[in-house]
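# A closer look at the structure
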Amino acid sequence: MAIQWFPGHMHLTRKAIGERIKDIDVVIEMLDARLPGSSANPMLAELIEGKPALKILSKQDLADPVQTLAWLAHYNALPSVSAMGLDTSVVFPAKALIDASRQLAPNRGGMVKPMRVLICGIPNVGKSTLINTLKGKRAAKTGDEAGVTKLEQRITLADDFYLYDTPGVLWPRIIVEQSGFNLAASGAIGVNAFDEEVVALELLNYLIPNYPQAITERYKVQDVASHTDETLLEAIARQRGAIQSGGRVNTTKAAEIVIHDFRSAALGRLTLETPAEFAIWLAEGKKADAERAQRKKPAPPKKDTQRR
């Protein structure tokens with residue numbers, strides 16, 4: 001099942017970013033530290049035209065710290081890219097992004113050449129919360145639903161430092177299937193665009209081999225490795241009392257519980273992908289996308305072999 005979600009206002013955001021980028025010195029892309037590869041916008045990579053980029057791994061307090069270090073090393077190894085982890089509720093680490101931006105564009109600064117920074121990211125990644133932390137007041141609307149910010153805002157963080165905030169934006173077509181599931185699990189995709197049971201099953205399928213102890217501690221399910229994603233979801237339903245009339249398990253309710261526990265970190269600090277895993281998924285997605293495009297090509301006209 002491929003998950004896609006690209007509401008109309010995202011088309012407008014894409015156009016606005018394309019226009020604004022011409023006057024921008026540094027682009028800050030906020031990523032979800034629990035899914036750094038899946039939350040990186042390939043459309044943005046095309047729009048920024050090689051400008052210096054600062055990758056912010058937001059919500060690092062919810063992510064596996066070992067994997068966060070691996071992802072930071074991955075991004076810091078890229079040319080013209082700097083990366084840092086961030087817990088948006090902490091004031092001083094958040095302000096460090098101003099210094100990081102200045103390091104990426106050392107020739108900008110002062111009233112004659114003020115620093116102009118564009119901040120982008122997927123929906124519900126924590127941009128508004130970060131901006132409010134930087135300003136020390138509610139400069140931007142925040143919410144736990146995808147797509148709260150709808151208009152571009154300019155925020156003055158210093159006399160010579162202008163930050164342009166844009167609405168959260170995904171890309172028109174998600175070619176990495178696992179990314180669709182991970183984005184849905186994180187809350188970046190509108191709830192009407194996916195089946196919660198399917199997403200919860202995909203989530204459990206990853207957690208079984210990678211975080212079995214987290215499942216045992218949260219749901220008191222033993223011998224996690226012996227379960228499939230489906231039997232585990234049923235076991236969680238029984239443990240949490242999600243039982244329908246006749247003793248049938250309510251897997252829909254259990255799926256809601258699993259997704260909520262992941263988003264709130266009740267399951268612990270988890271990361272759903274490593275740099276190596278995402279590289280494999282991306283290669284597979286590109287291959288499948290190329291094959292799909294090839295199938296859609298019109299067949300060449302048949303040659304007329306009849307003698308005239």
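See the structure above.
Quick summary incoming for the structure in this document. What you are looking at is a predicted structure, and each value in this text was computed from that prediction instead of being measured.

In terms of helices and strands, the chain carries 11 helices and six strands. When each of the 308 residues of the chain is scored for burial, the buried share is 49%. Counted over contacts in the chain with a minimum sequence separation of 6, partners at least 24 positions apart contribute 69%. As presented, the chain carries roughly 15600 Å² of accessible surface, and 51% of it is formed by carbon and sulfur atoms.

Moving on, we get to the nonpolar core. If you look at the biggest cluster of nonpolar residues, it comprises 62 residues, and the most contacted ones within it are Ile-28, Ile-56, Leu-97, Leu-163, Leu-207, Tyr-219 and Val-258. No other element matches helix H7 (residues 196-210), which puts eight residues into this core. Discounting residues that sit within four places of it in the chain, Val-258 has contacts with Ala-200, Leu-203, Leu-204, Tyr-219, Leu-233, Ile-236 and Leu-267. Counting 26 residues, the second largest nonpolar core, distinct from the first, contains Ile-24, Ala-63, Val-81 and Ala-83.

This part is about the environment of Phe-194. Its place among the elements puts Phe-194 in the loop between helix H6 (177-186) and H7. Look at Phe-194 and you get buried, because its relative accessible area is 10%. Taking the C-alpha atoms as reference points, Phe-194 and Gly-180, separated by 14 residues in sequence, lie 9.1 Å from one another.

What follows deals with the pattern of salt bridges. Counted according to the given criterion, the structure contains nine salt bridges. Note that Arg-108 and Asp-25 form a salt bridge whose closest N and O atoms lie 3.3 Å from each other. You can see Arg-108 sitting in the loop between helix H4 (91-104) and strand S4 (115-121) and its partner Asp-25 sitting in the loop between helix H1 (8-20) and strand S1 (26-32), a full 83 residues away along the chain. Taking the relative accessible area as the measure of exposure, Asp-25 reaches 12% and is therefore buried. One network of salt bridges, with partners in common, ties together Asp-25, Arg-108 and Arg-116.

Now for helix H9 (residues 229-239). Every buried residue belonging to H9 is among Asp-229, Leu-232, Leu-233, Ala-235, Ile-236 and Ala-237, and all of these are buried. Contacts from the buried residues of H9 go to H7, helix H8 (212-219) and helix H10 (251-263). Positive phi appears at Gly-241, one or two residues downstream of H9, with a value of about 75°.

A positive phi is found at Asn-124, a non-glycine position, where the angle reads about 65°. One can find Asn-124 in the loop between S4 and helix H5 (127-135). Within the chain, Lys-220 stands out as a residue other than glycine whose phi angle is a positive 60°. Among the structural elements, Lys-220 can be located in the loop between H8 and H9.

What follows covers the packing of H7 against H10. Packed helix pairs are characterised by how far apart their axes lie and by the angle those axes make with each other. Closest axis-to-axis distance for the H7/H10 pair is 8 Å, and the angle between their directions is 55°. Between H7 and H10, the angle falls in the class oblique. Crossing of H7 over H10 shows left-handed handedness. Each of Glu-196, Glu-197, Val-199, Ala-200, Leu-203 and Leu-204 in H7 lies in contact with H10, whose residues at this interface are Thr-251, Thr-252, Ala-255, Glu-256, Val-258, Ile-259 and Phe-262. A per-class count over the contact of H7 with H10 returns eight nonpolar, two polar and three charged.

So, about the layout of surface pockets. What the largest pocket holds in volume is close to 730 Å³. Along its surface, the largest pocket is lined by 36 residues, and Ala-40, Asn-41, Pro-42, Ala-45 and Leu-282 are the ones closest to its centre. Those elements that place two or more of their residues in the lining of the largest pocket are S1, helix H2 (42-47), strand S2 (53-58), helix H3 (65-76) and helix H11 (275-296). Residue composition of the lining of the largest pocket, by class: 22 nonpolar, seven polar and seven charged.

Reading across from one edge, S3-S2-S1-S4-S6-S5 is the order of the six strands in this open sheet, with mixed pairing throughout. Either end of the sheet is taken by a strand with one partner, and the two such strands are strand S3 (81-85) and strand S5 (153-158). For this sheet, the mean angle separating the axes of adjacent strands, direction not counted, is 25°. Where S1 lies against S4, five bridges are found, and the strand directions are parallel.

What counts and what doesn't
- Residues numbered from 1 in each chain as written.
- Predicted model: local features only at pLDDT ≥ 70, side-chain atom pairs only at ≥ 80, totals over all residues.
- Heavy atoms only, no water.
- Helix = DSSP H or I, 4+ residues; strand = E, 2+ residues; numbered from the N terminus.
- Buried < 20%, exposed > 50% of the residue type's maximum accessible area, 1.4 Å probe, protein only.
- Contact = heavy atoms within 4.5 Å.
- Areas by Shrake-Rupley, 256 points an atom, 1.4 Å probe, with all protein chains shown as cover.
- Core = buried A, V, L, I, M, F, W, Y, C linked by side-chain atoms within 4.5 Å.
- Salt bridge = Lys/Arg side-chain N within 4 Å of Asp/Glu carboxyl O.
- Axes fitted to C-alpha atoms, helices over the stretch in contact; angles between N-to-C directions.
- Parallel < 35°, antiparallel > 145°, perpendicular 65-115°, else oblique.
- Left-handed = near helix turned anticlockwise from the far one by under 90°.
- Nonpolar A, V, L, I, M, F, W, Y, C, P; charged D, E, K, R; others polar.
- 1 Å grid on protein atoms, 1.4 Å probe; cavity = no way out; pocket = protein on both sides within 12 Å on 5 of 7 lines; lining within 4 Å.
- Points joined across faces, edges and corners; volume = space filled by probe spheres on them.
- Pairing = 2+ DSSP bridges.

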